[in-house]
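One letter stands for each residue in the lines below.
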Amino acid sequence: MNTDLLRTFLEVAKTRHFGHSAENLYLTQSAVSSRIKQLEAMIGVPVFTRQRNNILLTTAGERLLPHAESLLASWQLAVQEVGVPTKKNAQLSLGGTSNLWDTFLQSLLPKLAIKFPNLYMRTEINNSQHLVRSLLGGRVDIFATLDPPANNDFEAEVIGDLELIMVCNHAGKQIEDIPNLGYVFVDWGTAFNIQQARLFTEPVAPILHTAQSRIALEFILSHRGAAYLPRALVQSYLDDQNLFQVSDCLEVKQEVFAVYIKGSDTSLSLGPIINFLKARDIKPETALAPIEDEF
């Protein structure tokens, strides 16, 4: 399969215009039209219906769309992994949920680059279920999570923790005030979510449910509400009195785990990286400082 044909197909499907697709791909309009005809000849059915100023996907084109996206993504991954520069003699694919990248993992990449100067890194941000599949499929080497999966093929090691506190945008509030303020539910993993459900004597419907702490933070700052958020993320707002800690809510430390295939910690490639992660006791950092470079 010629990947140029698939790339052209996806661009026309997105723009619904041969001329605009040609501009985006730096091709002539006739070249775009020729590629689509080649693709249609190859699969044996039309993928677009061509009407004046209106390009629509056929039923076959709709079915082809996810396959084209998947094929191009797989090809790009293969090029990245096979085409690693010779001076980069080690590879790491590191996964994590969006919450952990925002508040825990973002400072880790430069530290890994310093510790392992020949390391070629790739990241994946996704939900835990997808990361488990990626680990089993070999697309991810290690992923960070708050809920380690119960799988005999995996090892899970604590590499740090998040300190979570309940904050709101009004001073002097307590747990009984939260239903009126508006409860913002942030997904911090199954174990902690059970604790969150027990906060109130009666069920309280959240005004916002999100898996991303920064979305919750921005919502509370610009609107209202209360949520459990990492202290590292909100400390500057507490100092400036733009946010306030809810006085009678427990502070919770949530462990963060590195998950990897059993035996990986003894391999020549991943073993040193896993041991580095286990030894660091990683703390969340939200304000990144420039690191002195040797160049």
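Basis of the calculations
- Residues numbered from 1 in each chain as written.
- Predicted model: local features only at pLDDT ≥ 70, side-chain atom pairs only at ≥ 80, totals over all residues.
- Heavy atoms only, no water.
- pLDDT = per-residue confidence, 0-100.
- Helix = DSSP H or I, 4+ residues; strand = E, 2+ residues; numbered from the N terminus.
- Salt bridge = Lys/Arg side-chain N within 4 Å of Asp/Glu carboxyl O.
- Buried < 20%, exposed > 50% of the residue type's maximum accessible area, 1.4 Å probe, protein only.
- Contact = heavy atoms within 4.5 Å.
- Polar contact = N/O pair within 3.5 Å; in protein donor to acceptor, adjacent residues only side chain to side chain.
- Axes fitted to C-alpha atoms, helices over the stretch in contact; angles between N-to-C directions.
- Parallel < 35°, antiparallel > 145°, perpendicular 65-115°, else oblique.
- Left-handed = near helix turned anticlockwise from the far one by under 90°.
- Pairing = 2+ DSSP bridges.
- Core = buried A, V, L, I, M, F, W, Y, C linked by side-chain atoms within 4.5 Å.

1. Some details on the confidence of the model for the protein chain
A residue-level look at the protein chain finds 91% of positions with pLDDT of 70 or above and a mean pLDDT of 86. Per-element mean pLDDT across the protein chain ranges from 79 in helix α4 (residues 59-82) up to 96 in strand β10 (residues 244-245).

2. Some remarks on the pattern of salt bridges
Under the defined criterion, the tally for this structure stands at 5 salt bridges. Residue D4 pairs with R7 through a salt bridge whose shortest N-O separation is 3.3 Å. With D4 and R7 both in helix α1 (residues 3-15) and 3 residues apart, this pair spans about one turn of that helix. In this structure, R231 and E251 form a salt bridge, with 3.1 Å as the shortest nitrogen-oxygen distance. A residue pair is termed long-range when its members are at least 10 positions apart, and R231 in helix α11 (residues 231-239) and E251 in the loop between β10 and β11 (252-261) qualify at 20 residues. By relative accessible area, E251 is classed as partly exposed at 45%. Through salt bridges with shared partners, one network takes in E163, R231 and E251.

3. So, the environment of T210
Tracing the backbone shows T210 in strand β8 (residues 208-210). On the accessibility criterion, T210 (8% relative accessible area) is buried. Remark: the alpha-carbon pair of T210 and Q254, spanning 44 residues in sequence, is separated by 18 Å. Contact partners of T210, with chain neighbours within four places excluded, come to F185, V186, D187, I215 and A216. A distance of 3.0 Å separates a polar atom in the side chain of T210 from the backbone nitrogen of Q212.

4. Here's the deal with the packing of helix α10 (residues 213-222) against α11
In contact at an axis separation of 11 Å, α10 and α11 are set at 20° when each is read in the N-to-C sense. The angle between α10 and α11 falls in the class roughly parallel. Crossing of α10 against α11: the hand is right-handed. In this structure, α10 uses S213, R214, L217 and L221 to contact α11, whose residues at the interface are L233, V234 and Y237.

5. Regarding the packing of α1 against helix α3 (residues 29-43)
Packing of α1 against α3 brings their axes to within 9 Å, and their N-to-C directions diverge by 110°. It follows from the interaxial angle that α1 and α3 lie roughly perpendicular. In this structure, α1 crosses over α3, and the sense of that crossing is left-handed. Of the residues in α3, those in contact with D4, L5, L6, T8, F9 and V12 of α1 are V32, R35, I36, Q38, L39 and M42.

6. Focus: the pairing of β11
On a regular strand, one side chain projects to one face of the sheet and the next to the other, so that they alternate. Most of β11 sits inside the fold, with 7 of its 10 residues counted as buried. Pairing of strand β5 (residues 142-145) with β11 involves 4 bridges; the strand directions are antiparallel. Following the sheet pairing, I142 is matched in β11 by Y260. Sheet topology places strand β6 (residues 154-168) next to β11; 10 bridges connect them, and they run antiparallel. Along β11, the bridge assignment pairs F154 with I261.

7. A few points about the nonpolar core
General note: in soluble globular proteins, nonpolar side chains tend to be found buried as a group. Counting residues in hydrophobic clusters, the biggest one holds 53 residues, and the most contacted among them are L112, I142, I178 and V234. Among the elements that make up this core, the one with the highest residue count is β6 (7 residues). Residues contacting L112, with those up to four places away along its chain left out, are L92, L94, L119, M121, I273 and F276. Core analysis: the next-biggest nonpolar cluster, separate from the first, contains 18 residues, L10, V47, A68 and L72 among them.

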